[in-house]
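# Observations on the three-dimensional arrangement
Here is how the chains run, residue by residue.
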Amino acid sequence: MKKILRNMLLAACLFSLPLSASAAAKDEAKDVNNLKWWQKTVVYEAYPNSFLDTVGNGIGDLNGITAKLDYLQKLGVGAIWLTPIYTSPMGDNGYDVADYCAINPLYGTMDDMENLIKEADKRGIKIVMDLVVNHTSEESQWFKESSSDKDSEFSDWYIWRDAAPDGKEPNNWGSIFGGSAWTWSEKRQQYYLHTFAPFQPDLNWENPKVRKAIYDVANFWLDKGVGGFRIDAVPYIKKPASFANGTIDKATGFAPIHNETANTPGILDYLHEFKQEVEEGKDIFTVGEANGVAADQLHQWVGKNGVFDMIFEFSHVNVKFADGEVWHKTKAWKLTELKQAIAASQANTASDGWYPIFFENHDQPRSVNNFLHEGADTVQGAKALGMLLMTLRGTPFLYQGEELGMSNVSWTSIKDFNDLSTHNQYKLALDNGHGHEGAIKIMQKHSRDNARTPMQWNTEAQAGFTTGKPWLAVNDNYMLVNAEAEAADPGSVLSWYHKLHALRKANPVLIAGDYQELLADNEAIFAYTRNDENTQAIVLINFTGDTVSYPKELVTDAKLLLSSCDGTKRGKLRPYEAVCWTKNISRRS
């Protein structure tokens, strides 16, 4: 308690001190009118396979997204990030690209894509493409040419190595999806490198022709009118000069390729070139998927001298893992660990940079299962997480179904799961002695398929997602959790997200204000303020199933803006209650 009071006194002192010239300039930057469009909006990630099927083949399509633009506009969405919709054999649900400049017929046509861009623009929504730059599909014409002939003009577009003297792989690196990171090509009589699956050969970014081809792809889509890019698996594009053996992980028998190649020195040189050739002078945004970038390195990646506008780093979603993203190696984690991870990212983008806030995506389990205690009230818990998502400093990235409080699956057979990574993790769990039941429980908790089940629109067959057989089974709870029912229920998670959108829109401090953590050592409450020159918003979120107390002084003279529970009392938070207060502050120079 003494530490809490000291923090409160410090905060009070901060707000009573005169502002320096630099601080005054910083406050001037907190004017929401000075921010770019993508800093003021909400980005919605749509997973096309599972969003809405308009033709009855069981697979979502581009016209399904167009059909729901009004739904997304009402939600406050200003940009839609599409996971890959390019031509692909779909070995990894589109992340194995065969042709970057053509639409996968499963999703529709280029006319459908152009119509989506046009209709979205009418509603003030930009379409954002998922740019897969580390690898292609083995079905890409580039790879076919490269693998067929060492003298081809595409010969060094990929990473080829001779066999070791004993005829085996060039080194002991293991791929992220399991097994060796090298696959033998009979045609070429060499091994090629793949960070992920064997059908996803890595591009050779050392080759300037490869880099130019990627830039040309990006500019092709910018000419179509898209509003930016999410850049996939970007830390792996630069490989080390030496392909020496690494330290073997006993569980897999290989040296994890992530440890050998992620964020290799020199990668930022490539990305500055990407920025110059693709981004500069255009009113778009870029967000890199940069697993492994530490918070204290963020300034190299984002901001004035960075390479992207934002990056996804994963420290806060990986607090549960004891050893990388190996699903059977989890540990008990505390709320303070989550807070520390988020606070570090907030601090390192505070003066120069911007943060993409997320708790779900197509590679993560559902947040109500990932961040709440087992047995938690998932409706109240989803509201608590929604408050955090929508009031931290940065651009909220909302994943489809998150606004409904969609949850993990309860499938009991590995055959029910589609995801390649899930099958590899299941085998790994079996190899480490978990048995079928134990391994399935791990998949139920961590599988990427948890986020990929079809969107739950209504109580009709297949949740209104399709009139056919869905490519992946619908979650069993769709009769209770669906958009139609929640739209009619003022107490639903969807209705709560509409309130959160209105809250952000009416209170610019929640968009442009700075972030200051409160109650840092509290294991029950996530608390912070957002501050501009005249206004302070105080956010308090209970992450437990118990009623908890906090110092009333935190909200002295404050007005309640929004609470997830009726009858909110100062100094008390009911189970999973989330509240936002506001008050005027004086920060005169």
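Data block above holds the structure.
The structure reproduced in this document is the subject of the present report. Predicted model, so just to flag it, every value in this text is computed and none were measured.

Another point: the sheet that holds strand S15 (residues 395–399). The strand order across the open sheet built from 8 strands is S13-S12-S10-S5-S2-S1-S15-S14, with neighbouring strands paired in parallel fashion. Pairing within the sheet leaves two strands with one partner each, and these edge strands are strand S13 (310–312) and strand S14 (356–357). As paired strands, strand S5 (residues 126–132) and strand S10 (residues 228–232) are joined by 5 bridges and run parallel to one another. By the bridge assignment for S10, leucine 131 is matched with isoleucine 231.

Take the packing of aromatic side chains next. Going through the model one piece at a time under the given rule, you end up with 38 aromatic pairs. Ring geometry for tryptophan 184 and tyrosine 191: centres 5.1 Å apart, planes at 70°, overall edge-to-face. Classification of tyrosine 191 as buried rests on a relative accessible area of 9%. Grouping aromatic residues by their ring pairs yields a cluster made of Trp37, Trp38, Trp81, Phe285, Phe312, Phe314, Phe358 and Phe397. Against the face of tryptophan 457 rests lysine 68, its NZ or CZ located 4.2 Å from the ring centre.

All right, on to the sheet that holds strand S20 (residues 559–563) then. Ordered in space as S16-S17-S18-S22-S20, the 5 strands form an open sheet in which the pairing is antiparallel. The sheet terminates laterally at strand S16 (514–518) and S20, the two strands that pair on one side only. Strand-to-strand twist of the sheet, defined as the mean angle between neighbouring strand axes without regard to direction, takes the value 20°. Bridge analysis of S20 against strand S22 (residues 578–584) gives 4 bridges, and the strand direction is antiparallel. Looking at S22, one finds that lysine 559 is bridged to threonine 582. The sheet contacts of helix H12 (residues 335–348) involve S16 and strand S17 (525–531), and relative to S17 the element is tilted by about 20°. On the sheet, helix H18 (residues 493–506) packs against S20 and S22 and is oriented at approximately 145° with respect to S20.

Judged by nonpolar contacts, the single largest core of 133 residues is most densely connected at Met113 and Trp301. A total of 8 residues in this core trace back to one element, the largest contributor, which is helix H8 (residues 208–224). The residues touching methionine 113, leaving out its near neighbours within four places in the chain, are Leu62, Leu82, Ile85, Ile103, Ile127, Met129 and Trp221. If you look at the next biggest cluster of nonpolar residues, it comprises 15 residues, including Leu519, Leu540, Ala558 and Val579.

What counts and how
Residues numbered from 1 in each chain as written. Predicted model: local features only at pLDDT ≥ 70, side-chain atom pairs only at ≥ 80, totals over all residues. Heavy atoms only, no water. Pairing = 2+ DSSP bridges. Helix = DSSP H or I, 4+ residues; strand = E, 2+ residues; numbered from the N terminus. Phe/Tyr/Trp six-rings, centres within 6.5 Å; stacked < 30°, edge-to-face > 60°. Buried < 20%, exposed > 50% of the residue type's maximum accessible area, 1.4 Å probe, protein only. Lys NZ or Arg CZ within 6 Å of the ring centre and 35° of its normal. Axes fitted to C-alpha atoms, helices over the stretch in contact; angles between N-to-C directions. Contact = heavy atoms within 4.5 Å. Core = buried A, V, L, I, M, F, W, Y, C linked by side-chain atoms within 4.5 Å.

Shape descriptors only; they carry no functional weight alone.
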